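Close look at the chain arrangement
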Amino acid sequence: MTSTVKLATGAAIAAGCAVWAMATPAQAAPSAPCSAAARACVDLSTHQAWLMRGGVVTYGPVPAMPGMASAPTDPGTFRVTFKDLHHRSTIFNNAPMPYSVFFNGGDAFHEGSLSEPSHGCVHLSHTAAATFYNSLKPGDVVQVVP
């Protein structure tokens, strides 16, 4: 005689048989508002940033503080031009800009305040700035959306 076990879903199986766990549907990966070509993405309206590869989010969203109204972060598609781990601003009183990743002239991702707007750069937390710095390289596409 074979005994059966009632499953939560209502199906019956023979006792002693192997039971395979049904995988629950995977949660959708977080999406970003940028094109598949973007390696880094910034959404100015939500103050968020992501790292991506082939249109798939690999990191984020993370909080990001863009430029103030009088010195906004420009929307557009740019390329990383250079990186400087210990950069100091030549324009703003030698202000420290650790983990700088420049992508639009003097605009860069870097560690900075998440409560005070920048002068055009994109401020990230220490952890996020280090991750962006270690992940991006010159030539990578940065997309900034309004």
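Summary of the structure given here. These figures come from a predicted structure and were not determined experimentally. (Residues numbered from 1 in each chain as written. Predicted model: local features only at pLDDT ≥ 70, side-chain atom pairs only at ≥ 80, totals over all residues. Heavy atoms only, no water.)

Moving on, we come to the nonpolar core. If you look at the biggest cluster of nonpolar residues, it comprises 23 residues, and the most contacted ones within it are Phe 109, Leu 124, Phe 132 and Leu 136. Within the residue set of this core, elements represented by two or more residues are strand E3 (40-43), strand E4 (48-53), strand E8 (96-104), strand E10 (122-124), helix H1 (126-135) and strand E11 (141-145). When sequence neighbours within four positions are dropped, the list of residues in contact with Phe 109 reads Ala 40, Val 42, Tyr 99, Ser 100, Val 101, Phe 103, Val 122, Leu 124, Phe 132, Leu 136 and Val 142. In terms of nonpolar packing, the next biggest core, distinct from the first, is built from eight residues, Ala 32, Ala 38, Trp 50 and Val 145 among them. (Core = buried A, V, L, I, M, F, W, Y, C linked by side-chain atoms within 4.5 Å. Buried < 20%, exposed > 50% of the residue type's maximum accessible area, 1.4 Å probe, protein only. Helix = DSSP H or I, 4+ residues; strand = E, 2+ residues; numbered from the N terminus. Contact = heavy atoms within 4.5 Å.)

Attention now goes to the pattern of salt bridges. Two side chains bearing opposite charge may form a pair once their charged atoms approach each other closely. One pass over the full model with this rule turns up one salt bridge. Between Asp 140 and Lys 137 there is a salt bridge whose closest N-O contact spans 3.2 Å. (Salt bridge = Lys/Arg side-chain N within 4 Å of Asp/Glu carboxyl O.)

On to the state of the cysteines, then. All chains considered together, the criterion is met by one disulfide. The disulfide that involves Cys 34 links it to Cys 41, with 2.0 Å between the sulfurs. Residues Cys 34 and Cys 41 share a disulfide whose torsion about the S-S bond is about 75°; that sign makes it right-handed. Given a relative accessible area of 0%, Cys 41 falls into the buried group. (Disulfide = S-S within 2.5 Å.)

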